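Residue-level structural notes
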Amino acid sequence: MSVVARLEEEALRPEQELAALLSEAKGDGAVVTFTGVARPGSKGGQSVYHLVLDHHPALTLQSLEEIAVEAAARFDISHVRVVHRCGDIAAGEAIVFAGAAALHRRAAFEAADYLMDRLKTEAVFWKREVGERGSQWIEPTDADYADRERWG
Amino acid sequence: MKILFYGRLAEAIALELEVGASPGSSVADVRERLAAEHPGAAAVLRNERALSLVRDRLVRDDYRLAAGDTLEFLPPVSGG
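A brief report on the enclosed structure follows.

Thresholds, definitions, all that
- Residues numbered from 1 in each chain as written.
- Chains lettered and ligands numbered in written order.
- Predicted model: local features only at pLDDT ≥ 70, side-chain atom pairs only at ≥ 80, totals over all residues.
- Helix = DSSP H or I, 4+ residues; strand = E, 2+ residues; numbered from the N terminus.
- Expected span 1.5 Å × (residues − 1).
- Buried ≥ 20, exposed ≤ 12 C-beta atoms within 10 Å, placed from the backbone.
- Contact = placed C-beta atoms within 7 Å.
- Pairing = 2+ DSSP bridges.
- Axes fitted to C-alpha atoms, helices over the stretch in contact; angles between N-to-C directions.

1. Some points on the environment of A:Asp113
Here A:Asp113 lies in helix H3 (residues 105-122). Measuring from C-alpha to C-alpha, the distance between A:Asp113 and A:Ala25 comes to 19 Å, with 88 residues separating the pair along the chain.

Right under this line is the structure:
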């Protein structure tokens, strides 16, 4: 079992994270990953130039670690990898990578889904879009909170 | 007493503020005073998903602040 949770201040390279997870997952039959990417447009259709993710010096990494550890305990998986960007993230760049490896696919799919539902609503970041309509704070939607509630 | 703010609260109030709260004041006392002084931030300060911290630990509204405590107000978080 390995649990990796990391706060990344520079570029997040999902292909490198996948390679690391595959390397750890020798003997497993399933690796499921999710990569979140900064969108170039807002919900209202205006251009977004970049995202800014503020973080807390202690609680942010702690929240990533807690979510990763709880996924490892909850599902029949062998490896978890969570990497989250902070700072300025240009449209098109990766914000978050969440991956799980398991003997069989179902647990890996569920763990990746769980990781993202919790990261969206509980990872300690404050996110704003900077674009043609200025700077706008973005908070989880009711759907995000409802998704989180599915897991109890 | 030093107070730290994050996210939209930092934008609306300041990253850091020194206030003259007397020891024994509760988190709720300080928050309501800030909400009165910064009406533009009142809704976020009072949001049920906002968090309060002392020494990197979550504290409840009835937590009594000691001299030298630094209180942190965190608006609702948003990752992913």
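From this point, the narrative continues.
2. Focus on H3(A)
Because each turn of an α-helix spans 3.6 residues, side chains separated by three or four positions end up pointing in the same direction. Residue and element names in this part refer to chain A. Helix length check: H3 (18 residues) gives 25 Å between terminal C-alpha atoms against 26 Å at 1.5 Å per residue, within 8%. Regarding H3, the residues found buried are Ala108, Ala111, Ala112, Tyr114, Leu115, Met116, Asp117, Arg118, Leu119, Lys120 and Thr121. Looking at the packing, one finds that the buried side of H3 touches strand S2 (30-37), helix H2 (59-74), strand S4 (79-85), strand S6 (94-102) and helix H4 (142-149).

3. Topic: the sheet that holds strand S5 (residues 87-90) of chain A
Residue and element names in this part refer to chain A. Strands sit in the order S5-S3-S7-S8 across an open sheet of four strands; the sheet is antiparallel. A single partner strand is all that each edge strand has here, and the edge strands are S5 and strand S8 (134-138). Ignoring which end each strand starts from, the neighbouring axes of this sheet average 25° apart. In this structure, strand S3 (residues 48-55) lies alongside S5, joined through four bridges in antiparallel fashion. Bridging from a neighbouring strand, valine 52 pairs with aspartate 88 of S5.

4. Structural notes on unusual backbone geometry
The bulk of non-glycine residues show a negative phi, and the bulk of peptide bonds are trans. Residue and element names in this part refer to chain B. Phi is positive for arginine 55, which is not a glycine, with a value near 50°. Classification of arginine 55 as exposed rests on a count of 10 C-beta atoms within 10 Å. A positive phi angle is found at aspartate 56, which is not glycine, with a value near 60°.

5. Some remarks on the sheet that holds strand S4 (residues 57-58) of chain B
Residue and element names in this part refer to chain B. The mixed open sheet is built from five strands, whose spatial order is S2-S1-S5-S3-S4. Among the strands making up the open sheet, the edge pair consists of strand S2 (16-18) and S4. Relative to strand S5 (residues 70-74), strand S1 (residues 2-5) runs parallel, the two being bridged by four bridges. Following the sheet pairing, lysine 2 is matched in S5 by threonine 70.

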